[in-house]
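# Chains, contacts and geometry: an overview
Here is how the chains run, residue by residue.
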Amino acid sequence: VQHLTSDGGVCKTLLRAGSGQRVPPDASVAVRYAGYLGNWKSFFCSNMHDKDPKLMKLGKDITLLGLELGLLSMAKGEVAHFSFAPCYAYGQRGCPPRIPPDSTVFFEVEVLDFIDSAECDAFFELREEQQDMFPLEKVLKVAATEREFGNYYFHKQNFRVAKRRYKRALSILDRSSSSEAEQNQINTSKVLLLLNLSLTYLKLEHPKQALKYGEMALKMDPGNAKALFRCGQACLLMRDYSKSRDFLVRAQCVQPFNRDINNALKNLARSCTEYMAMQEEMCCRMFGRLRSS
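Residues numbered from 1 in each chain as written. Predicted model: local features only at pLDDT ≥ 70, side-chain atom pairs only at ≥ 80, totals over all residues. Heavy atoms only, no water.

In the nomenclature of an unreviewed UniProt entry, the chain is known as peptidylprolyl isomerase of Grallaria varia. Note on the chain: under the UniProt heading Sequence similarities (unreviewed entry), the record states "Belongs to the FKBP6 family." (UniProt positions renumbered as here; feature names shortened; annotations may be inferred.)

Structure (structure tokens):
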């Protein structure tokens, strides 16, 4: 048993070690938890059955002092048991009717993931003119963190929230640069976000928007295989087969052994064949009616 506070009010028992850095202060954390009373005898709260626990901000969404101290001692993938004395839990009043006054509570906690969002949060609290004065290095870091949030929600298949985070990151990169080197750094970050947005719109079944962001990426990086592939996929969904083939063949020239690109070309050929067969059948029906009349 590890005592996390000098008064012994927060105690930790490690069940499974995690990996990497510990959860930093002001992070946004995804956790599974279950809370108990009476030395693990009486259950009072849990999100163990939630499919995708949401990201919670330390100090804002997680307000139980003992739980916050406990999380700051943990790494991604770690599982632990904690006991929190009343002053680190619900205090003298408790939380009626479930938690009596002066209750020691017990938690099982698993850290699923976290994003260090302190600098990002501080940036978005600034006024617009203050954001414009921010050093480029820090702006790029903020944009990267927002993209990380977008990726988190994308992998949870929450594409609408992912889209908003990618667009938020893109919006702060629309700033003037003092040199070509700085502009190249900005463009590199922008291309990653544009590719993410193109794929997200494909998942949302909005191919016109997917094509728009794919073509924006190509303006900055004309030979980008992913951008060509995304544009080809979008055109295929819009049944613009000629344009789709153009994009996909260009992507294949860049990456001739890419399985996804080659499969997309096979799907394109199949779609073209089916489309031609359908058109031929329609023509036969039309002329058949004309002959019969």
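Moving on from the coordinates now.
Helix length check: helix α4 (residues 136-155), at 20 residues, gives a terminal C-alpha distance of 28 Å against a target of 28 Å (1.5 Å per residue), a fit within 8%. Buried residues belonging to α4 abut β4 (28-37), β9 (105-115), α2 (118-124), α5 (159-171) and α6 (180-203). (Helix = DSSP H or I, 4+ residues; strand = E, 2+ residues; numbered from the N terminus. Expected span 1.5 Å × (residues − 1). Contact = heavy atoms within 4.5 Å.)

In a regular helix each residue adds 1.5 Å, so 13 residues correspond to 18 Å; α5 covers 18 Å between its end C-alpha atoms and thus fits that length. Here α5 has its buried residues at F159, V161, A162, K163, R165, Y166, A169 and L170. Those residues of α5 that are buried are in contact with α4, α6 and α7 (207-220). (Buried < 20%, exposed > 50% of the residue type's maximum accessible area, 1.4 Å probe, protein only.)

Another aspect to go through is the pattern of salt bridges. Here the structure, examined in full by the defined rule, presents 12 salt bridges. We note a salt bridge from K156 to D52, for which the minimum N-O separation is 3.6 Å. Placement of K156 in the loop between α4 and α5 and of D52 in the loop between β5 (42-46) and β6 (56-57) is noted, with a sequence separation of 104 residues between them. For K156, a relative accessible area of 33% gives the class partly exposed. Put simply, E146 and R168 hold a salt bridge, and the shortest N to O gap is 3.4 Å. You can see E146 sitting in helix α4 and its partner R168 sitting in helix α5, a full 22 residues away along the chain. (Salt bridge = Lys/Arg side-chain N within 4 Å of Asp/Glu carboxyl O.)

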